[in-house]
Amino acid sequence: MRHFAMVAAGATLWGCWSLFLRPAGLSWAQNAFLALVAMSLPVPLLLRGAPFHDRRATVALLVVALADAANISLFFAAMKRGPVSVAVLTHYLAPLLLALAAPWMLGEKRSVRALVAAPVTLAGLVMLIGRPDAEGGTGMTAALGAGSALFFAAIVLGTKAATRAYSPLAVASLHAPVSAGVLLLIAGTDALPTALDSATLQVLAGGAVCGLAGTCLFNAGLSRVPTAAAGALTYLEPLTASLVGWAVFSEALTPVGVAGGLLVLAAGVWVASERRAPASSMALPSATS
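Read on for a plain summary of the structure. Keep in mind it's a predicted model, so treat the numbers as computed, not measured.

## Side note on the pattern of salt bridges
One pass over the full model with this rule turns up 2 salt bridges. The residue Arg-164 makes a salt bridge to Asp-54 at a minimum N-O spacing of 2.8 Å. With a gap of 110 residues between them, Arg-164 in the loop between α9 (138-162) and α10 (168-174) and Asp-54 in the loop between α4 (43-47) and α5 (55-81) connect regions that are remote in the sequence. Classification of Arg-164 by relative accessible area gives partly exposed; the value is 28%. In this structure, Glu-108 and Lys-160 form a salt bridge, with 3.6 Å as the shortest nitrogen-oxygen distance. With a gap of 52 residues between them, Glu-108 in the loop between α7 (94-105) and α8 (112-129) and Lys-160 in helix α9 connect regions that are remote in the sequence.

What follows is the structure in structure tokens.
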């Protein structure tokens, strides 16, 4: 259960982004770029001895980098276009995609609980977030959100393959400079901060805590947790974000929303408690770099 707790802790830290981003008030592109910069900080310490000779793992790491840039760009574009609830809900099609793809792409045993829990947790998320606002552009928002879900699923699958040779920290950090470069190609100079002020430092701190630490925890747990189950636990991210919004930013949380949050938690615990083969028999080789 320790590795399930790591995945859950990583997803929970991802749900705390608003604590750093909202007060800073920067654009989505600046937030994304600064977060990737913070995640890149350990790179000089990781380059020496990195197993670049492992072609399969290195290609998987490059897939993570490219997919992360696409995921960030599509998701934040969906958030900007609105409605926000549509963007979030379509983005969280990713766990269902993972439950379907992991047996085919990674040869993992199919998890019936994960397949059942994916639509159940999505329903809980609908209850938690509420009905979408009556705004225009819902179709395009849904398309952007679903696109981000596809790339987020690719990130998780690529991470699973990369951790056969790279450490969780290396996967979290080494991909970030490439993602930042691709983001600059997409957003241009709009992604660059205008000054090294308190807002910039705050987002960098968020990148270190929510981005780097959260992703390291998630990656460390993912190496020993079935991909479908890890995908189900990522629903803790929007659940945490909703609780942070209620507790810190005085956002409304209705009784239906509370029930939806409890449903998300219950489904995650149900998936995590499924009996499986011993971890040593299903895990990828542990990374030593």
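Now that the structure is up, let's keep going.
## A short note on the side chain of Thr-215
For Thr-215, the position within the fold is in helix α12 (residues 198-222). Among the polar contacts listed, one links the side chain of Thr-215 to the backbone oxygen of Gly-211, at a separation of 2.6 Å. Aside from chain neighbours lying at most four places away, what touches Thr-215 is Trp-14, Met-39, Ala-172 and Cys-210.

## Comments concerning the nonpolar core
By size, the foremost hydrophobic cluster in this structure holds 51 residues, and its most contacted members are Leu-125 and Phe-218. The element best represented in this core is α9, accounting for 6 residues. If we skip the residues at most four places from it in the chain, Leu-125 touches Val-88, Leu-89, Tyr-92, Tyr-235, Pro-238 and Val-264. The next biggest cluster of nonpolar side chains, apart from the first, holds 14 residues, and it includes Ala-32, Phe-33, Ala-172 and Ala-176.

## Side note on the state of the cysteines
On inspection of all chains with the given rule, the structure shows 0 disulfides. Unpaired in this structure, Cys-210 has its nearest cysteine sulfur neighbour in Cys-16, at a distance of 5.5 Å. Assessed through its relative accessible area of 0%, Cys-210 is described here as buried. Of all cysteine sulfurs, the one in Cys-210 lies closest to Cys-216, which takes part in no disulfide; the gap is 13 Å. Using a relative accessible area of 17% as the deciding quantity, one classes Cys-216 as buried.

Cut-offs and rules
Residues numbered from 1 in each chain as written. Predicted model: local features only at pLDDT ≥ 70, side-chain atom pairs only at ≥ 80, totals over all residues. Heavy atoms only, no water. Salt bridge = Lys/Arg side-chain N within 4 Å of Asp/Glu carboxyl O. Helix = DSSP H or I, 4+ residues; strand = E, 2+ residues; numbered from the N terminus. Buried < 20%, exposed > 50% of the residue type's maximum accessible area, 1.4 Å probe, protein only. Polar contact = N/O pair within 3.5 Å; in protein donor to acceptor, adjacent residues only side chain to side chain. Contact = heavy atoms within 4.5 Å. Core = buried A, V, L, I, M, F, W, Y, C linked by side-chain atoms within 4.5 Å. Disulfide = S-S within 2.5 Å.

Purely geometric numbers; function is a separate question.
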